[in-house]
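Read off the chains here:
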Amino acid sequence: MDRLRNHRLYRVKQWMYRDGRPNWLARVMNRVSAWQFSTRLLAPGNWVTLEVVGRRSGRTVSFPLVAVDCDGGRYLVSMLGEQANWVRNVRAAAGRAVLRRGRRRPVLLVEVPVAQRAPILRHYLDKAPGARPHVPVRRGAPVAEFARIAAEYPVFQMVPASADPAVDLSR
């Protein structure tokens, strides 16, 4: 019974992000989650809101994400792969973004080379249950299985913006 319930939940989550884009329900839920994550209301410590300038609109766009700590670094992973809007926006903004969890902190997101992504992806699936339906490797699989899909799932390391004097996202 538990497996059947999980299977149905996975199918609903996959439907919400069919073609790698959120449908209307996922967009509504993402807005609520972005607010919830940024205010820390009933949200675990690794749930964050990423704010980045939209590559086409020029407006600040918010995305709810799960941050993972792995081997001394803090990372954001795209559960939807290369086509996720936040990934495209971060790349267009040269990695400049703001992380919200109670307060706003400017960060620089540095893309992790494909060869180094596998252990981070494995750890991410442990910490982000909502991502599991979107990643074609089971949780707890050997790192080698994650290495095979690593090129399809961007990973960004979070670096404090103060480490880069060219970054100024103050408002």
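So, how was this worked out
Residues numbered from 1 in each chain as written. Predicted model: local features only at pLDDT ≥ 70, side-chain atom pairs only at ≥ 80, totals over all residues. Heavy atoms only, no water. Helix = DSSP H or I, 4+ residues; strand = E, 2+ residues; numbered from the N terminus. Buried < 20%, exposed > 50% of the residue type's maximum accessible area, 1.4 Å probe, protein only. Contact = heavy atoms within 4.5 Å. Areas by Shrake-Rupley, 256 points an atom, 1.4 Å probe, with all protein chains shown as cover. Polar contact = N/O pair within 3.5 Å; in protein donor to acceptor, adjacent residues only side chain to side chain.

Chemist: Explanation requested: the overall build of the protein chain in the structure shown.
Modeler: When its secondary structure is counted, the protein chain shows five helices and six strands. Helices and strands in the protein chain line up, N terminus first, as α-α-β-β-β-α-β-β-α-α-β. Scored against the burial criterion, the 171 residues of the protein chain give a buried share of 42%. Within the protein chain, residue pairs in contact and separated by at least 24 positions form 60% of the contacts whose partners lie at least 6 positions apart. Total accessible area on the protein chain is roughly 9,900 Å²; 53% of this is exposed by carbon and sulfur atoms.

Chemist: I would appreciate a short explanation of the side chain of R117 in the present structure.
Modeler: If you trace the backbone, R117 turns up in the loop between β5 (103–111) and α4 (118–127). By relative accessible area, which is 4% here, R117 ends up buried. Side-chain polar atoms of R117 contact the backbone oxygen of A150, separated by 2.9 Å. Not counting residues up to four positions away in its chain, the partners in contact with R117 are E111, V112, A150, A151, Y153, P154 and V155.

Chemist: It is not clear to me how unusual backbone geometry should be interpreted in this structure. Could you clarify?
Modeler: Leaving glycine aside, a negative phi is the common case for residues, and trans is the common case for peptide bonds. Phi is positive for D71, which is not a glycine, with a value near 50°. Within the secondary structure layout, D71 lies in the loop between β2 (60–70) and β3 (73–77). Classification of D71 as exposed rests on a relative accessible area of 74%. If you check the backbone angles, A94 has positive phi at about 55° while not being a glycine. Position of A94 relative to the elements: it lies in the loop between α3 (85–92) and β4 (96–101). Owing to a relative accessible area of 54%, A94 belongs among the exposed residues under this scheme.

Any functional reading would require information that these geometric values do not contain.
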